[in-house]
Amino acid sequence: SLPAKLINGGIAGLIGVTCVFPIDLAKTRLQNQQNGQRMYTSLSDCLIKTIRSEGYFGMYRGAAVNLTLVTPEKAIKLAANDFFRHHLSKDGKKLTLMKEMLAGCGAGTCQVIVTTPMEMLKIQLQDAGRIAAQKKLMAAQAQLSSSPAAGAAEPVVETRTTATQITRELLRSKGIAGLYKGLGATLLRDVPFSIVYFPLFANLNKLGQKDPNVKAPFYVSFLSGCVAGSTAAVAVNPCDVIKTRLQSLQRGVNEDTYSGILDCTKKIWQKEGPTAFFKGAYCRALVIAPLFGIAQVVYFIGIAEFLLDMLPKPRA
């Protein structure tokens, strides 16, 4: 039932985000740093420096936004895919690969309603620590290079903002369109992701089914979700890099700004080379693999069905 799909998608999203959010934060910071202004060299370096400068909970900056919006986001994605698969199948016949991809395309298109503002707010909060650390480093270098007579430079103090403050400012200055900055890039990432993920998962999962009418074992669903998720994540990583850059409102010292998808693509290619489009790819694979593996296991177990069965039934 639809309520069961929505609950399952929400539970899966909450569990997954809690487990992998620090890696997602590192992915955002690695993707946003440009040549000449590199603060982090790898995933582990980013997490270690984040803990040292911002504390353990610094790794979860922006998690509240994700935890709030991931339930409708994942619910829409999973339920929409099931909806399109159901309506594309005729008399219960097996879907062709093209129809499976079409169902995934529909799911990816529907989810951006929630994904775009969620990613927009999350990125601002995740990247704020990198920009503050960069400013502190630049201030320290300037102080060392200046003469003793010039006096000590004023310390850089980071002003922390919340998702609510960012939302209010964007709505005040740009209206609802402010929250949907990077919508085109989000579509370029999420639609191909769903086109790759859902058919790949469905076909991998079928390999573990001894009988078409019996579910595959839970570990098969988990592994299928992990493999399909990581494959799709790496495949669309260039679009994710572009989306992250476009949605970042604050820039570090001497970092480029972009007017759109083509301008962003051109500048990254010319100044950072083609390998820049795969920044954070392994982080994204590490995030997406367990996220969708957990999602499929929650679907397999049917937690929502159990919860719905616990509710009191209306009397006849």
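Here the structure is a predicted model, which means the values were calculated and not measured.

## Observations regarding a nonpolar patch on the surface
- Together, F218, Y219, F222 and L223 give the surface a local cluster of nonpolar side chains, amounting to about 410 Å² of exposed area.
- Counting through the fold element by element, Y219 comes out in helix α7 (residues 218-235).

## Regarding the packing of helix α4 (residues 97-145) against helix α5 (residues 163-174)
- Running from N to C, α4 and α5 cross one another at 120°; their axes reach a closest spacing of 10 Å. One finds that α4 runs oblique with respect to α5. Taken as a pair, α4 and α5 cross one another with a handedness that is right-handed. Taken together, the residues of α5 that come into contact with α4 (itself represented by M120, L121, Q124 and L125) are A163, I166, T167 and L170.

## Remarks on the nonpolar core
- The biggest cluster of nonpolar side chains holds 31 residues, and the ones touching the most others in it are L43, F193, Y197, I288, L291 and F292.
- Counting only elements with at least two residues in this core, the list comes to α1 (2-32), α2 (43-54), α3 (63-88), α4, α6 (183-206), α7 and α10 (281-301).

## Regarding the environment of Q34
- Tracing the chain through its elements places Q34 in the loop between α1 and α2.
- Considered as a pair, Q34 and A276 are 242 residues apart in the sequence and their alpha carbons are 8.8 Å apart.
- Looking at Q34, its side chain comes within polar contact range of the main-chain nitrogen of D256, at 3.0 Å.

## Remarks on empty space enclosed by the protein
- Under the definition given, this model contains one cavity of 30 Å³ or more.
- For the largest cavity, the calculated volume is near 300 Å³.
- K74, E119, R284, I288 and L291 are, among the 23 residues lining the largest cavity, the residues nearest its centre.
- Counting only elements with at least two residues in the lining of the largest cavity, the list comes to α1, α3, α4, α6 and α10.
- The class makeup of the residues in the lining of the largest cavity is 10 nonpolar, three polar and 10 charged.

## Let's talk about the side chain of N81
- Note on placement: N81 falls in helix α3.
- For N81, a relative accessible area of 5% translates into the label buried.
- If we skip the residues at most four places from it in the chain, N81 touches A103, G104, A107 and F198.

## Description of the pattern of salt bridges
- Scanning all chains against the criterion turns up 19 salt bridges.
- In this structure, D240 and K27 form a salt bridge, with 2.9 Å as the shortest nitrogen-oxygen distance. Of the two residues, D240 is situated in helix α8 (residues 237-247) and K27 in helix α1; the sequence distance between them amounts to 213 residues.
- Overall, the relative accessible area of 0% leaves D240 in the buried class.

## Considerations on the side chain of Q247
- Mapped onto the secondary structure, Q247 falls in helix α8.
- Residue class for Q247 comes out buried when judged on its relative accessible area of 0%.
- There is a polar contact of 3.0 Å between the side chain of Q247 and the backbone oxygen of K181.
- Only 2.9 Å separates the side chain of Q247 from the side chain of K243, close enough to count as a polar contact.
- Those residues within four positions of Q247 in sequence are excluded, and the remaining contacts are T116, E119, M120, I123, Q124, K181, G182 and T186.

## Some thoughts on the packing of aromatic side chains
- Enumeration over the complete set of coordinates arrives at eight aromatic pairs.
- Ring centres 5.4 Å apart and planes at 75° place the aromatic pair F83 and F84 in the edge-to-face group.
- A relative accessible area of 47% means that F83 is categorised as partly exposed.
- Ring-pair connections join several aromatic residues into one group, and the members of that group are F21, Y56, F57 and Y60.

Reading the values: the criteria
Residues numbered from 1 in each chain as written. Predicted model: local features only at pLDDT ≥ 70, side-chain atom pairs only at ≥ 80, totals over all residues. Heavy atoms only, no water. Patch = residues over 30% accessible without salt bridge, like charges linked within 9 Å, V, L, I, M, F, W, Y side chains within 5 Å. Areas by Shrake-Rupley, 256 points an atom, 1.4 Å probe, with all protein chains shown as cover. Salt bridge = Lys/Arg side-chain N within 4 Å of Asp/Glu carboxyl O. Helix = DSSP H or I, 4+ residues; strand = E, 2+ residues; numbered from the N terminus. Axes fitted to C-alpha atoms, helices over the stretch in contact; angles between N-to-C directions. Parallel < 35°, antiparallel > 145°, perpendicular 65-115°, else oblique. Left-handed = near helix turned anticlockwise from the far one by under 90°. Contact = heavy atoms within 4.5 Å. Core = buried A, V, L, I, M, F, W, Y, C linked by side-chain atoms within 4.5 Å. Buried < 20%, exposed > 50% of the residue type's maximum accessible area, 1.4 Å probe, protein only. Polar contact = N/O pair within 3.5 Å; in protein donor to acceptor, adjacent residues only side chain to side chain. 1 Å grid on protein atoms, 1.4 Å probe; cavity = no way out; pocket = protein on both sides within 12 Å on 5 of 7 lines; lining within 4 Å. Points joined across faces, edges and corners; volume = space filled by probe spheres on them. Nonpolar A, V, L, I, M, F, W, Y, C, P; charged D, E, K, R; others polar. Phe/Tyr/Trp six-rings, centres within 6.5 Å; stacked < 30°, edge-to-face > 60°.

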